[in-house]
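# Tertiary structure, described
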Amino acid sequence: MLIAILSTAAFAVIVWATVINTEGWAKVQQGFFDPATALEALPKVWDGFLINLTVLGISIFTVGAVALLIALLRTLRGPVFFPVRAVAAGYTDLFRGLPFIIVLYLVGFGLPTIVGERIDELFLGILAVTLTYSAYVAEVIRAGIESVHPSQRLAARALGLNHVQTLRRVVLPQALRKMTPALMNDFISMQKDVGLISIIAGLDAIARAKGVVATTYNFTPYVVAGILFILLAIPTIRLTDWYTARLREREQSGSVL
Amino acid sequence: MSDVLRADVLRATGIHKSFGDREVLKGVDVTLGAHEVVALIGASGSGKSTLLRCLGLLEPIDDGQIFLGDEDISDPRVDGNRVRARLGAVFQSFNLFPHLSVLDNVTLASRVVHRMPRREAETRAAELLARVGLADKAKDHPDRLSGGQQQRVAIARAIATDPEVLLLDEITSALDPELVGEVLELVRDLASEGATILMATHEMAFARDVADRVVFLDAGTIVEQGPSASVLRNPQEARTRAFLARVTA
């Protein structure tokens, strides 16, 4: 413990001394970390950040619902459901392969053009995030469902539970525990990718930061927006680490879940 | 239909089942009278488990008929879930639900399938758990229990909905030897109380003591069947004699 503290302190001093004495540090500090600009930008960036949070908050539910639906469609058995499975599989292939920025362009600019009228930017942002992230999350859910041993399904069926009851009471509760770390990783990606809606929405955190940058000719507002996104992500990242470690511990101690 | 047939709880005729090219059941006939205990014996791979799963509608059959009481349950128009709710099945590997407590394992089918109020289901489950000697484990999760205890919970779960037939698939094969006794003792009690049981088993001494009849299955066909004492002590067929010589050696 003591060694760790000493080592960290020594390392910090070296880094600090090196950075401070580097030629051009003053310019970096002025361009990226200017307190006055940060103070000016913060209220505006914060207002925009609330829009990002709104998109994120609503998308959690839309992504959850759409992804669960797609995952369940992919687990339907029997030749009758082949077209349904194929469409669901095609969807996940398409939107996992398609760069998110292309989805944003097509949804954000393409859709209003086709429809021929203005569409609420918040709605377009949520739509784009949902289309892309549902594909990723559906795959996580499907993998979780398939990780539940077939003998569990057999036991549920033997008790007379139907397909939906088996999924709801037996398969999904077990799958959820197994897929939580992967879901949380996708959530972390989503938290920062909602920042990309600044491309289509003029009012989110990054767009507002851009506005301040344009008037002050200083890049500090971007750093301010970046810090907000990092602060948003850190609790989820820590929680994921903690949960994953706990799962591993439980597995090693021999319990089933 | 004759009176004799009417007394049969379960009757299967000409059951065929293949997995790909491999024919596992080659035309099996089996009947189970009310309150009868029948032991299904045979080597691993002889088709015992497959037959039990086919009879329990857990595996579709390729050909043949299965009657539960007077109803042809092999008819594709029959609602399989409704039929399975009338049967009880216990498996070699327990298959308890790890995310549910012992009590919830036992009450799940009563609550979800049979729409029994939770309180009523739990009262009944508590009685059953007391009966299998696990009243104090109701709140525990299955991973806290020994194999023998888990299998006793699985039996309680299977009988919680008063099934017409109990299908037991080598329920002691995955247990440590010292835990086999407690599970067999429970099956013996159920049999003496009048349960109708079809059980695949390797426990020949138990089959002789508890089963009314023994059915010997070999390579997907029934080679010999009859009262347990006579089949096990005085087998008529060469293949039965060879099998019994191997397992009792």
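For clarity, every value in this text was computed on a predicted model and none was experimentally measured.

## A few points about the overall build of chain A
Across its full length, chain A holds ten helices and zero strands. Shown N-terminal to C-terminal, the secondary structure of chain A runs as helices and strands in the order α-α-α-α-α-α-α-α-α-α. In terms of principal-axis extent, the alpha carbons of chain A reach across some 70 × 65 × 25 Å. For chain A, contacts bridging at least 24 residues in sequence account for 76% of all contacts bridging at least 6.

## Some words on the overall build of chain B
Secondary structure summary: chain B contains ten helices and ten strands in total. Relative to its length of 249 residues, chain B is compact, with a C-alpha radius of gyration of 18 Å against a globular reference of 18 Å. Principal axes of the C-alpha set define a box for chain B whose edges measure 50 × 45 × 40 Å. A sequence separation of at least 24 residues applies to 64% of the contacts in chain B between residues at least 6 apart.

## Here's the deal with unusual backbone geometry
Trans peptide bonds make up most of the peptide bonds, and negative phi angles are found at most residues other than glycine. Phi is positive for Tyr217 of chain A, close to 60°, though the residue is something other than glycine. Considering the arrangement of structural elements, one finds Tyr217 of chain A in the loop between helix 9 (205–216) and helix 10 (220–252). At Leu57 of chain B, a position not held by glycine, the phi torsion is positive, near 55°. Within the fold, Leu57 of chain B resides in the loop between helix 2 (48–55) and strand 4 (63–68). Overall, Leu57 of chain B belongs to the buried group, with 25 C-beta atoms counted inside 10 Å.

## Digging into the interface of chain A and chain B
With 18 residues of chain A at the contact, the number on the chain B side is 17 residues. Ranked by residue count, the leading element in the side of chain A that touches chain B is helix 7 (residues 150–158) of chain A, at six residues. A class-by-class count of the residues in the side of chain A that touches chain B yields nine nonpolar, seven polar and two charged.

## Here we look at the sheet that holds strand 3 (residues 37–41) of chain B
Residue and element names in this part refer to chain B. Strand order in the open sheet made by the six strands is 6-7-8-3-9-10, with mixed pairing throughout. Each edge of the open sheet is held by one strand with a lone partner, namely strand 6 (87–90) and strand 10 (221–227). When the angles between neighbouring strand axes are averaged without regard to direction, this sheet yields 15°. In the sheet, strand 3 pairs with strand 9 (residues 213–218) via four bridges, with the strands oriented parallel. Note on strand 9: the bridge partner recorded for Leu40 is Val215.

## Looking at the sheet that holds strand 4 of chain B
Residue and element names in this part refer to chain B. The four strands lie next to each other as 2-1-4-5, forming an open sheet whose pairing is antiparallel. The open sheet has two free edges, formed respectively by strand 2 (22–33) and strand 5 (71–72), since each of these has just one partner strand. For strand 4 and strand 5, the ladder comprises two bridges, and the chain directions are antiparallel. Each bridged residue has a counterpart across the sheet, and for Leu68 the counterpart in strand 5 is Glu71. Most of the contacts of helix 2 go to strand 1 (residues 8–19), to which it runs at about 120°, and overall it touches strand 1, strand 2 and strand 4.

## Structural notes on the packing of helix 4 (residues 102–112) of chain B against helix 5 (residues 118–131) of chain B
Any two packed helices are characterised by the angle at which their axes cross and by the distance between the axes. Residue and element names in this part refer to chain B. The interhelical angle for the contact between helix 4 and helix 5, taken along N-to-C directions, is 130°, at an axis separation of 9 Å. Comparing the axis directions of helix 4 and helix 5 gives the class oblique. Where helix 4 crosses over helix 5, the handedness of that crossing is right-handed. Counting all contacts with helix 4, which are made through Val102, Leu103, Val106, Thr107, Ser110 and Arg111, the residues of helix 5 involved are Arg118, Ala121, Glu122, Arg124, Ala125, Leu128 and Leu129. Looking at the contact of helix 4 with helix 5, its residues break down into seven nonpolar, two polar and four charged.

## Notes on the environment of Ile199 of chain A
Residues and elements named next belong to chain A. Along the chain, Ile199 falls in the loop between helix 8 (163–193) and helix 9. Classification of Ile199 by C-beta neighbours within 10 Å gives partly exposed; the count is 18. Linking Ile199 and Ser147, residues 52 residues apart in sequence, is a C-alpha distance of 38 Å. Beyond its immediate stretch of four places on either side in the chain, Ile199 contacts Ile101, Leu104 and Gly108.

## As for the confidence of the model for chain B
Do not read the fine detail of predicted coordinates wherever pLDDT is low. Within chain B, residue pLDDT values average 93, and 97% of them lie at 70 or more. Note on residues 1–6 of chain B: pLDDT is under 50 here. Beyond four places in sequence and across chains, it has two contacts.

## Brief notes about helix 4 of chain B
Of all the eleven residues making up helix 4 of chain B, ten are buried; the element is thus mostly covered by neighbouring parts of the structure. Of the positions making up helix 4 of chain B, those classed as buried are Val102, Leu103, Asp104, Asn105, Val106, Thr107, Leu108, Ala109, Ser110 and Val112 of chain B. Where helix 4 of chain B is buried, its residues meet helix 8 of chain A together with helix 5 and helix 6 (147–159) of chain B.

## Section: the pairing of strand 7 (residues 165–169) of chain B
In summary, the side chains of a regular strand alternate between the two faces of the sheet. Residue and element names in this part refer to chain B. Among the five residues that make up strand 7, five are buried, leaving the element largely enclosed by the rest of the structure. Of the two faces of strand 7, the one lined by Val165, Leu167 and Asp169 and the one lined by Leu166 and Leu168 are each fully buried. Pairing geometry for strand 7 and strand 8 (residues 197–200), over four bridges, is parallel. Residue pairing for strand 8: Leu167 is matched across the bridge by Leu198.

## Structural notes on the confidence of the model for chain A
In this model, chain A carries a mean pLDDT of 89, and residues with pLDDT of at least 70 account for 97%. Element-level mean pLDDT values for chain A span from 84 in helix 2 (residues 25–32) of chain A up to 95 in helix 7 of chain A.

## Some points on the pairing of strand 4 of chain B
Residue and element names in this part refer to chain B. In this structure, strand 1 lies alongside strand 4, joined through five bridges in antiparallel fashion. Looking at strand 4, one finds that Thr13 is bridged to Gln65. Counting the residues in the hairpin turn of strand 4 and strand 5 gives two residues, including Gly69, whose phi is positive at 60°.

Rules used in this analysis
- Residues numbered from 1 in each chain as written.
- Chains lettered and ligands numbered in written order.
- Predicted model: local features only at pLDDT ≥ 70, side-chain atom pairs only at ≥ 80, totals over all residues.
- Helix = DSSP H or I, 4+ residues; strand = E, 2+ residues; numbered from the N terminus.
- Contact = placed C-beta atoms within 7 Å.
- Rg over C-alpha atoms; globule rule 2.2 N^0.38 Å.
- Buried ≥ 20, exposed ≤ 12 C-beta atoms within 10 Å, placed from the backbone.
- Nonpolar A, V, L, I, M, F, W, Y, C, P; charged D, E, K, R; others polar.
- Pairing = 2+ DSSP bridges.
- Axes fitted to C-alpha atoms, helices over the stretch in contact; angles between N-to-C directions.
- Parallel < 35°, antiparallel > 145°, perpendicular 65-115°, else oblique.
- Left-handed = near helix turned anticlockwise from the far one by under 90°.
- pLDDT = per-residue confidence, 0-100.

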